[in-house]
Amino acid sequence: MQAGEILRRTAFVTLDMLQGGKLDKIKKVNKREIVEGVTKEYVDRRIGALLDYAGKHSEYYRELKGVEDITRYPVMTKMEYNQNKDRILCDTFQEKKDSLFRLSTSGSTGAPFTVLCDGDKMNRVNMNFISFMELNGFRMGMKRGEFRVWIPGKNVISKWKSFKNNLIMIDISNMGDEALAAICEKIRREKIQVLVIYSSALIVLANYLKRKNVDITKWDVEMVFAMGEALPQPTYDLVKEIFGFSPVRSYGNNENGFLACQVGEEDRYTVDLYNFYIEMLSLDSDEPVKPGELGRIVVTDFYNKAFPMIRYDTGDTGIYQEIIDEKGRIHGYFTEIYGRRGSMMYNCKGEPLSIHVFMNVLINLEGVVHQAKCIQWEKKRYELLLNADRARVDEAAVVASYRKYLGGEAQIDVTYVDEIPIEASGKRMVCEQKCPDYQ
């Protein structure tokens with residue numbers, strides 16, 4: 001246990017107590033409800049309160065005011081939220097846009113999207129994350145390394161916030177051997193205790209550690225928390241072999257927060273039914289699938305009062321089941337998650353790139369590029385499919401933003417399309433690998 005960990009845990013508890021212990025209460029209730037399940041009365045009450053609130057305060061939902069059946073509300077995609085964002089934003093926050101928190105994502109479907117949320121929702125996002133972490137052995141204040149494509153002016157955090165949260169930014173825009181060696185040295189030098197890492201990046205890191213026989217005996221890592229794409233079983237087993245403990249699988253998105261997480265050694269994801277209502281709909285219609293069948297994951301967020309997210313189609317697919325225990329409480333589990341399975345892409349040097357490189361590029365193009373997909377045909381030849389406003393798009397700037405990661409020698413052909421084709425999984429992927437050398 002590090003001194004910095006103890007100091008930050010003490011500071012968090014003390015400051016929260018001075019403010020009435022709100023965050024600790026949210027965390028404790030969240031953890032309890034994840035483990036013990038929720039009642040039907042709670043679910044019905046939260047859905048009813050959300051629909052009533054949206055009908056009164058959101059112009060978009062006003063025409064549905066008084067409708068209590070959630071299945072009569074439209075299923076919403078990222079593009080539909082973007083097209084109606086000003087009408088969805090509640091009147092109580094229309095004059096407070098600048099003070100709201102922004103949760104930005106492109107998602108693996110390649111549609112840039114920003115959700116505005118109020119302070120209470122942001123607190124719940126953070127405590128929801130900590131709850132899942134603590135259920136798997138995390139201690140408040142532990143030093144964590146967050147693996148992302150860190151973009152200055154977009155998601156890079158300040159030195160003060162980094163110090164306060166005991167958080168080290170680890171950039172994964174390049175994951176070639178040289179970059180991975182530097183990442184490993186940073187993990188050792190900074191005495192990082194928890195790796196919070198996208199599954200696509202963990203695949204590359206774990207394979208590198210094994211291939212190079214990296215000595216991790218002087219590392220302080222106690223926990224590996226995999227997020228984003230579903231973590232393949234071979235990587236799960238390899239991480240356990242390397243570190244001596246199992247990684248934690250999780251599932252969530254930037255728009256809502258963490259939706260589900262593996263607890264202990266369970267081979268399923270326990271869903272946070274305290275914060276979210278889950279529906280599983282058919283791949284080709286908005287009809288519900290039967291329990292145990294593959295379906296689209298559709299989420300209703302109970303607590304975003306600024307921007308109601310009712311029946312949000314995440315773009316992911318999976319298999320979901322609900323169990324009612326002997327006390328009548330509801331437990332939700334994803335037994336399979338097929339979302340975010342983008343193909344691994346490589347730059348001109350043959351170095352692997354995280355799928356999140358392409359997701360973060362799209363964040364900066366929001367409002368101009370509706371959807372995009374990068375296809376690698378040869379080692380240095382790529383095709384960029386753009387569903388965009390051609391009158392406004394700066395094609396040279398878009399190509400340059402991709403070339404930054406693909407390499408100066410990259411041949412990037414641009415093709416404008418009306419829609420990005422849907423994959424067999426039911427998703428529009430942000431990148432696709434078609435180079436014979438990487439098959």
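Residues numbered from 1 in each chain as written. Predicted model: local features only at pLDDT ≥ 70, side-chain atom pairs only at ≥ 80, totals over all residues. Heavy atoms only, no water.

Engineer: I keep staring at the pattern of salt bridges and nothing clicks. Help me out?
Structural biologist: Side chains carrying opposite charge are able to pair once their charged atoms draw close together. A full pass over the atoms with the stated rule returns 28 salt bridges. The closest approach of N and O atoms between Glu146 and Arg144, which form a salt bridge, is 3.0 Å. Comparing Glu146 with Arg144 shows no difference in burial state: the two are buried. Note that Glu241 and Lys210 form a salt bridge whose closest N and O atoms lie 2.5 Å from each other. Placement of Glu241 in helix 10 (residues 233-243) and of Lys210 in helix 9 (residues 199-211) is noted, with a sequence separation of 31 residues between them. For Lys210, a relative accessible area of 46% gives the class partly exposed. Three or more residues joined by partner-sharing salt bridges are found here, namely Lys27, Lys31 and Glu134. (Salt bridge = Lys/Arg side-chain N within 4 Å of Asp/Glu carboxyl O. Buried < 20%, exposed > 50% of the residue type's maximum accessible area, 1.4 Å probe, protein only. Helix = DSSP H or I, 4+ residues; strand = E, 2+ residues; numbered from the N terminus.)

Engineer: Help me out: how do you make sense of the pairing of strand 16 (residues 369-376) in this one?
Structural biologist: The side chains of a regular strand alternate between both faces of the sheet. Among the eight residues that make up strand 16, seven are buried, leaving the element largely enclosed by the rest of the structure. With seven bridges joining them, strand 16 and strand 17 (residues 381-388) adopt antiparallel strand pairing. The residue bridging Gln371 from the neighbouring strand is Asn387, located in strand 17. Sheet analysis places strand 16 next to strand 19 (residues 431-433), joined by three bridges and oriented parallel. Bridged to Gln376 within strand 19 is Gln433. (Pairing = 2+ DSSP bridges.)

Engineer: Help me understand the environment of Arg139, please; the structure alone is not making it clear to me.
Structural biologist: One can find Arg139 in the loop between helix 6 (119-134) and strand 3 (144-148). Along the sequence, Arg139 and Thr317 sit 178 residues apart, while their C-alpha atoms lie 32 Å from each other. At 3.2 Å, the side chain of Arg139 forms a polar contact with the side chain of Glu222. (Polar contact = N/O pair within 3.5 Å; in protein donor to acceptor, adjacent residues only side chain to side chain.)

Engineer: In this structure, what is going on with the packing of aromatic side chains? I would like to understand it.
Structural biologist: Each pair of aromatic rings is reported with the distance of its centres and the angle of its planes. Applying the stated criterion to the full structure yields 16 aromatic pairs. Judged by centre distance (6.2 Å) and plane angle (85°), the ring pair of Tyr42 and Phe302 falls under edge-to-face. Taken together, the positions of Tyr42 in helix 3 (residues 40-57) and Phe302 in the loop between strand 11 (294-301) and strand 12 (312-324) put the pair 260 residues apart, joining distant regions of the chain. Taken individually, Tyr42 and Phe302 each receive the classification buried, so the pair is uniform in this respect. Seen from their ring centres, Tyr60 and Tyr61 are 5.0 Å apart, and the 85° between their planes marks the pair as edge-to-face. Three or more aromatic residues joined by ring pairs form one cluster here, namely Tyr42, Tyr274, Phe302 and Tyr303. Stacked on the ring of Phe93, the Lys or Arg Lys96 has its end atom at 5.8 Å from the ring centre. One residue, Arg124, lies across the ring of Tyr303, its end atom 3.8 Å from the ring centre. (Phe/Tyr/Trp six-rings, centres within 6.5 Å; stacked < 30°, edge-to-face > 60°. Lys NZ or Arg CZ within 6 Å of the ring centre and 35° of its normal.)

Engineer: What is the right way to look at the packing of helix 8 (residues 177-189) against helix 9 in this model?
Structural biologist: For any two helices packed against each other, the geometry is given by the interaxial angle and the distance between the axes. Interaxial distance between helix 8 and helix 9 falls to 11 Å at its minimum, and their mutual angle equals 90°. By the angle between their axes, helix 8 is roughly perpendicular relative to helix 9. Across the interface between the two elements, Asp177, Leu180, Ala181 and Cys184 of helix 8 pack against Val204, Leu205, Tyr208, Leu209 and Arg211 of helix 9. Of the residues that constitute the contact of helix 8 with helix 9, the class distribution is seven nonpolar, no polar and two charged. (Axes fitted to C-alpha atoms, helices over the stretch in contact; angles between N-to-C directions. Parallel < 35°, antiparallel > 145°, perpendicular 65-115°, else oblique. Contact = heavy atoms within 4.5 Å. Nonpolar A, V, L, I, M, F, W, Y, C, P; charged D, E, K, R; others polar.)

Engineer: Any chance you could explain the pairing of strand 12 here in plain terms?
Structural biologist: Sheet topology places strand 11 next to strand 12; five bridges connect them, and they run antiparallel. Within the sheet, the bridge partner assigned to Arg296 lies in strand 12 and is Thr317. Sheet analysis places strand 12 next to strand 13 (residues 330-337), joined by seven bridges and oriented antiparallel. Residue pairing across strands places Tyr320 opposite Phe334, the latter belonging to strand 13.

Engineer: Got a minute to help me understand the nonpolar core in this structure?
Structural biologist: A general feature of soluble globular proteins is that nonpolar side chains tend to end up buried together. Formed by 78 residues in total, the largest nonpolar core has its most connected members in Phe358 and Tyr402. Top element by residues in this core is helix 9. It accounts for seven residues. Not counting residues up to four positions away in its chain, the partners in contact with Tyr402 are Phe358, Val361, Leu362, Ala372, Cys374, Leu384 and Ile412. Core analysis: the next-biggest nonpolar cluster, separate from the first, contains 45 residues, Tyr73, Phe276, Ile278 and Tyr312 among them. (Core = buried A, V, L, I, M, F, W, Y, C linked by side-chain atoms within 4.5 Å.)

Engineer: Would you explain the sheet that holds strand 9 (residues 269-271) in this entry?
Structural biologist: By way of backbone hydrogen bonds, the strands of a sheet pair with one another, either parallel or antiparallel. Across the sheet, which stays open at both edges, the 11 strands sit in the order 4-3-5-6-7-8-9-13-12-11-10 with mixed pairing between neighbours. Taken across any chain shown, the strands that pair with only one partner, and hence form the sheet edges, are strand 4 (167-171) and strand 10 (276-281). Going across the sheet, the axis of each strand differs from the next one's by a mean of 40°, ignoring polarity. By the bridge criterion, four bridges tie strand 3 to strand 5 (residues 194-198) in an arrangement that is parallel. Bridged to Glu146 within strand 5 is Val196. Contacts from helix 6 reach strand 3, strand 5, strand 6 (223-227), strand 8 (257-261), strand 9, strand 10 and strand 11, with the element oriented near 30° to strand 8.

No statement about biological role is implied by the geometric values presented.
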